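Each chain, letter by letter, is given below.
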Amino acid sequence: MRALEPDRDGYVERNGVKVHFEAFGTANGTAPAILLLPTWSIVQSRRWKMQVPYLARRFRVVTFDGRGCGRSDRPREVAGYADTEYVDDAAAVLDATGIERAVVVGISMGGGYGLRFAARYPERTLGAVFIAPAVGLADPLPARQVSDFDADLGDGEYEGWAKENRHYWLRDWPGYVEFFIPNLFTEPHSTKQIEDSIGWGLETDPETMILIEDAPYLDSGDRTRRSYARATTLDLAARVRCPCLVVQGTDDAVVHASGGRRLADALGCPIVEFEGSGHAPDARDPVRFNLLLREFVERVASREAATKTNIATAPAPVGQAGPLTWRRAQARPQRALFLSSPIGLGHALRDVAIARELRALRPDLQVDWLAQDPVTHVLAARGERILPASAWLAGESAHIESEAGEHDLRVFQAYRDMDEILLANFHVFHDVVAEEPYDLVIGDEAWDVDHFWHENPELKRTPFVWLTDFVGWLPMPDGGEREAFLTADYNAEMIGHVERFPYLRDRAIFVGEPDDLPEVDFGPGLPAVRSWTQAHFAFAGYVSGFDPSAVDRDEARAEFGYGEGEQVCLVTVGGSGVGEHLLRRVIQAHPEIERVVPGLRMVVVAGPRIDPASLGAPAGVEIHGYLDDLHRRMAAADVAVVQGGLTTTMELAALRTPFVYVPLRGHFEQQLLVPRRLGRYGAGRRLDHEDATPDAIAEAISSEMVKHTDYLPVEADGAARAAALIAGLL
C-alpha cells in the first residue's frame, strides 16, 4: 500500500510514445511545483516514494516513468531514448499537469536530464537539484575500469563490473541487476532499498536497456553515455540561470564523488555532501534529504515571489510582521505528546491507562495525541485531545490489512513494506514537534519516530519514552534462510542504533516481565534477546486498559440482557480488519456449534474496521461493530473465540474468562511470543487455523466453557508502574 495515492495520473504522447505521469498535492493550488525526473530506466518513478508524501503536503509534485520502464512505452529504436526525448517528455508532462514552472530534481543520469532541461527550458525551470549527478565530470572509479560494454567474452567469465556488458545482459539480465543494484547503496542495513530496486530492475528487459545504453546522452548525438562529452556538459552548465543545488554522497560507488563537486563548481552553486552515503542519499537518508529539498524549494520560490512583486528578500524588521508571542518555558504548562501504534487497539487501551496514571502524578500535565484509526475510536470515547495534524498520517492499519491473507499475516514483511508510510508519518511528527514545544514524547511502538530519530539524532530535542511489548524480530521457520537473514539484519541495526545513541531513548519500557521474553538470540553473532533487553529496558509488567477487579460479571450480564443460566460465546478479533476471515469461519460454524451446545448465544464483535453488515449474521448470531466496553462483554461471556493478539488474550486472562485463540499464520508474535506469555499464566487454548474446522471449533468452545479457569493473576498495576517510570522525565 502506498503512503499517498496520486491526485491525478495519465499519459502524455509524443511521436507515438506514451509516457505515464502522476501528480500529487494538486489541492495546493498555486504552490511551487517540483518535477521529480526519471533516471536510468533500470528503475521507475516509484523510486521517489520516500519524497512524494512529505513534499506533496506543501507543494505540487509530479513524477513520470522514463521511457523504457514502469508504465511508459518502450520504443524499439535507439533514437527514442536520446536525452532530449526524456527532457521534452518532461516539458510535455508539465503541460499536461498545468504547471508553468517547476524545480526539477534528478539523480544520477536524471541529473543529466535536469541539466539539459534547465538549459533548454530556462523559462520553465524555477530551480534545479542534482543528486549524485552522472554527467561525465567525475574521476574514474578503479573498480569500474574493467567494464567494456561491447566486448564479447564468449563463454568467459563476467565478474564484477565486467557484467556491464551487452552480451552479458542478454545472457543473464537478472544477474546484472542483482550485481548492480547493491552498488547503489554502500550504507549498512540497506536490504529494503536493494530489494525494491532489484524488483524494479527486473521489470524491464535487456533489449530495452541496450537501446538506452546506445542512445545519445549529453553530447551532440554521435557518442553514447559511456563517453560523455565533458565540453557539452560544461556548456549546458554555463547556460543554466536558475538557482541550483548539488547533493552528493561521499561513498558513491557508482559515480565518483568528484563529479558532484565539479558540477557544483561549473554551476557556481552550493554542494551538500552526505558523508557516508552512497549513490542514492535521497532513498537511504530520506529525512535529511527531504528537509534539505523543502528548504531549497521554499527559498527559490520566495526569491521569485519577491522579484515579481519588487519586494526585498531581506526579512522584515521585527514589529512589521504582525504581533508575535513568546512564552517563557517556565510559564507554559507541561505538555506530553503521545504516539500510539494503530496496529490494533491494544496500544491505545494501555496508553490511555498510562496517560490517566501520569496525570494523577502530574495533575497539570496536558497530553496531546498524534493518532489515527482505529486508535482514534478509543481516544474519542474517552475525551482525549487528538491533534489536527493526525489527519495527515498515512494509514498503517490499512496497510497491514492489505498485506494479510486468509488469517495469514507475514507481519515482519508487512512492516518492511511499510517503509514509505513510516517515513511519511515521521515527517508529520517532526513538523508537529518542530512547531510546538513539548516536554516529553511517549511512543508506544512508534517505529517511525524511534527509527528516524536514531538515523537523525540531531533532530531530537525532547525527552523520548519508548514503549513496546516485544523486542526484536524473529524469523518464522517457513521463512527460510532469507527471512532469518533479514530479521537478523534489522535486529543488528536496532542494536547498533541503541548502543551508538543511548540517549535517544530516555526511557525504554517493556510492557511485561523478563520471563515474557524468549531465550533466543537476535541472530547469528548477536546478543540474546532476554539479557540484552534486561540491560536496556525497565519493566512495567503487563498494562491493562481497565481494572479487572472493578468489573462485576453479574452486573455486566444483566446490563447486556443475558438470562440467568444462558450460555454466551463472544467472538472478537481486535481493532484491525485482519481477523475478518476468522469471524466468518466461526459464524459459518454456528450450526455445528449450536448442535454441540444447544441454545448458545453467539455475540460477534467486528470492531472499528470491519463492516458488521458484511458478515451476514444468521439467526442466533448477533453482530456488533466497535464497542468501547468490550472488556465488559468479555467478563459477561462464558467463553470467547479470538485471534492470537496479546491485548485481547491477556484481557480475557485477567478476567478469567475461558477462551480459544487462533494465532495468525506467519505472525511471529502471535505464533511464538503470545503463546509463551499465555503459558506463563496458564491461560487459553490454542487452535491453529488449519485445524479450525466447524467440528474442532464446536468442540473447543464446548470443552473450554466448562473448564475451571485457574489462571495466574495478571498484574493490575502495570499502568501505574509505567507512569512512575515516565514521570521522572517531567
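Preceding this paragraph is the structure being described.
Not measured: the values here are computed from a predicted model.

Quick notes on the sheet that holds strand β7 (residues 244–249)
- If you walk across this open sheet you meet the eight strands as β1-β2-β4-β3-β5-β6-β7-β8, and the pairing is mixed. Only two strands of the sheet have a single neighbouring strand rather than two, namely β1 (8–14) and β8 (271–274). Neighbouring strand axes in the sheet, compared pairwise and without regard to direction, differ in orientation by 20° on average.
- Most of the contacts of helix α2 (residues 83–96) go to β1, to which it runs at about 130°, and overall it touches β1, β2 (17–24), β3 (33–36), β4 (60–64) and β5 (102–107).

Remarks on helix α7 (residues 206–214)
- Of all nine residues in α7, seven are buried; the element is thus mostly enclosed.
- Listed in full, the buried residues belonging to α7 are P206, T208, M209, I210, L211, I212 and E213.
- Along its buried surface, α7 packs onto α2, α3 (109–120), α4 (166–171) and α5 (173–184).
- One side-chain oxygen of the residue at the start of α7 lies 3.2 Å from the amide nitrogen of E207, identifying that residue as D205.

Concerning α2
- The end-to-end C-alpha distance of α2, which contains 14 residues, comes to 20 Å, matching closely the 20 Å that a straight helix rising 1.5 Å per residue would cover.
- The buried fraction of α2 amounts to eleven of the 14 residues, a majority that puts the element mostly inside the structure.
- Taken from the residues just after α2, G98 is the one with a positive phi, measuring 70°.

A few points about the pattern of salt bridges
- Under the counting rule described, the total for this entry stands at 65 salt bridges.
- Two residues, D235 and R239, come together in a salt bridge whose shortest N-O distance is 3.3 Å. Of this pair, D235 and R239 both sit in helix α8 (residues 230–239), separated by four residues, roughly a single helical turn.
- For R239, a relative accessible area of 40% puts it in the partly exposed group.
- Members of the salt-bridge network, linked through shared partners, are R14, R67, E85, D88, D89 and R120.

Scoring rules and cut-offs
Residues numbered from 1 in each chain as written. Predicted model: local features only at pLDDT ≥ 70, side-chain atom pairs only at ≥ 80, totals over all residues. Heavy atoms only, no water. Pairing = 2+ DSSP bridges. Helix = DSSP H or I, 4+ residues; strand = E, 2+ residues; numbered from the N terminus. Axes fitted to C-alpha atoms, helices over the stretch in contact; angles between N-to-C directions. Contact = heavy atoms within 4.5 Å. Buried < 20%, exposed > 50% of the residue type's maximum accessible area, 1.4 Å probe, protein only. Polar contact = N/O pair within 3.5 Å; in protein donor to acceptor, adjacent residues only side chain to side chain. Expected span 1.5 Å × (residues − 1). Salt bridge = Lys/Arg side-chain N within 4 Å of Asp/Glu carboxyl O.

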